[in-house]
Amino acid sequence: MTFDFKSRIKNLRKSLKREKLGAFVTVVSEGNNKNPYYLSGFGSTTGALAVSQKHIVLAVDSRYTLRARKEAKGVTVVEIPKSKKGEDFSLYVETALSGLRIGGKARIGFEGAHVPILRLKTWGKHIPGNFVATRGIVEKLRQIKDAEEILHLSRAGKITSKVFEKVSKTIR
């Protein structure tokens, strides 16, 4: 599948400008969020994607570095440093944001629905910036399908209809 990730990032950047955000970070932890994949093409269970008007940085651990470089075209992929305490998730966000070079007082949008309060408190202690909860920034972009998405949805619908026809005959 080849989706238009450049257009998705361009549209996200328009949202950042409208919301007066210097950057935006979206995280995936144990596969709980599809927005990093939607924006970058990297379909992993763990990582942080940070976007500013000039840069896009994806922070992953050593398990995913090669895969991320292959899947996330046009994105700077950075491997998180090893922590003495193990791989603390705030390292993903800190590593991704540090690659943006946005400055310590920037307003950084994050997905309020996907970031637990305790995680946000940890970020605030270790990462410079003013974190601002956002609601549905990426989800609003995902509502409008591009030509490639429409093609895939159409194919999936046709396959589902064929399967239903065959299955419905056997269960009557």
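Residues numbered from 1 in each chain as written. Predicted model: local features only at pLDDT ≥ 70, side-chain atom pairs only at ≥ 80, totals over all residues. Heavy atoms only, no water.

S.K.: Just checking my understanding: could you explain the overall build of the chain for this structure?
M.R.: Along the chain, the regular secondary structure elements total seven helices and six strands. When the helices and strands of the chain are placed in sequence order, the string is α-β-α-β-β-α-β-α-β-α-β-α-α. In terms of overall dimensions, the chain has C-alpha extents of about 60 × 35 × 30 Å along its principal axes. Contacts in the chain between residues at least 24 apart in sequence constitute 61% of all its contacts with a sequence separation of at least 6. One finds the centroid of the 34 positive side-chain charges in the chain at a distance of 4 Å from the centroid of its 15 negative side-chain charges. (Helix = DSSP H or I, 4+ residues; strand = E, 2+ residues; numbered from the N terminus. Contact = heavy atoms within 4.5 Å. Lys, Arg positive; Asp, Glu negative; His and termini not counted. Charge placed at Lys NZ, Arg CZ, Asp CG, Glu CD.)

S.K.: Help me understand a positive patch on the surface, please; the structure alone is not making it clear to me.
M.R.: A cluster of like positive charges, contributed by Arg155, Lys158, Lys162, Lys166 and Lys169, occupies part of the molecular surface. Looking at the secondary structure, you find Lys162 in helix α7 (residues 147-170). (Patch = residues over 30% accessible without salt bridge, like charges linked within 9 Å, V, L, I, M, F, W, Y side chains within 5 Å. Areas by Shrake-Rupley, 256 points an atom, 1.4 Å probe, with all protein chains shown as cover. Salt bridge = Lys/Arg side-chain N within 4 Å of Asp/Glu carboxyl O.)

S.K.: What should I look at first to understand the nonpolar core in this one?
M.R.: Note on soluble globular proteins: their nonpolar side chains tend to be buried together. If you look at the biggest cluster of nonpolar residues, it comprises 22 residues, and the most contacted ones within it are Leu12 and Leu58. Residue assignment for this core shows that the elements contributing at least two residues are α1 (5-19), α2 (35-40), β2 (46-51), β3 (56-60) and α6 (137-143). Not counting residues within four places of it along the chain, the set of residues in contact with Leu58 comprises Phe42, Ala48, Leu49, Ala68, Ala72, Val75, Thr76, Val77 and Val78. With 21 residues, the next largest nonpolar core counts Val57, Val93, Leu97 and Leu100 among its residues. (Core = buried A, V, L, I, M, F, W, Y, C linked by side-chain atoms within 4.5 Å. Buried < 20%, exposed > 50% of the residue type's maximum accessible area, 1.4 Å probe, protein only.)

S.K.: Explanation requested: α1 in the structure shown.
M.R.: The α-helix advances 3.6 residues per turn, and as a result positions three or four apart in sequence lie on the same side. When the terminal C-alpha atoms of α1 are compared, their 21 Å separation across 15 residues agrees well with the 21 Å that a helix rising 1.5 Å per residue should span. Buried within α1 are the following residues: Phe5, Arg8, Ile9, Leu12, Arg13, Ser15 and Leu16. Along the long axis of α1, the arc covered by the buried residues comes to 160°, so they all point the same way. Opposite the buried face of α1, at more than 90 degrees from it, the exposed residues are Lys6, Lys10, Lys17 and Arg18. Where α1 is buried, its residues touch β1 (23-29), α2, β2, β3, α6 and α7. Of the residues one or two after α1, Lys20 is the one with positive phi, at around 60°. (Expected span 1.5 Å × (residues − 1). Arc of directions from axis to C-beta.)

S.K.: Whenever I open this one, the packing of helix α4 (residues 89-98) against helix α5 (residues 117-126) confuses me. Can you help?
M.R.: The packing of two helices is summarised by the inter-axis angle and the distance between the axes. Contact pair α4 / α5: the axes reach a minimum separation of 10 Å and the direction vectors enclose 50°. Relative to α5, the element α4 is oriented oblique. You can see that α4 and α5 cross each other, and the crossing is right-handed. Contacts between α4 and α5 involve Phe89, Ser90, Val93 and Glu94 on the former and, on the latter, Arg119, Thr122, Trp123 and His126. (Axes fitted to C-alpha atoms, helices over the stretch in contact; angles between N-to-C directions. Parallel < 35°, antiparallel > 145°, perpendicular 65-115°, else oblique. Left-handed = near helix turned anticlockwise from the far one by under 90°.)

S.K.: I keep staring at the pairing of β3 and nothing clicks. Help me out?
M.R.: The side chains of a regular strand alternate between both faces of the sheet. Extensive coverage of β3 is indicated by the burial of five of its five residues. Side chains of β3 alternate between two faces, with Ile56, Leu58 and Val60 and Val57 and Ala59 buried alike. Bridge analysis of β2 against β3 gives four bridges, and the strand direction is antiparallel. By the bridge assignment for β3, Ala48 is matched with Ala59. Following β2, the chain reverses through four residues before pairing antiparallel with β3. (Pairing = 2+ DSSP bridges.)

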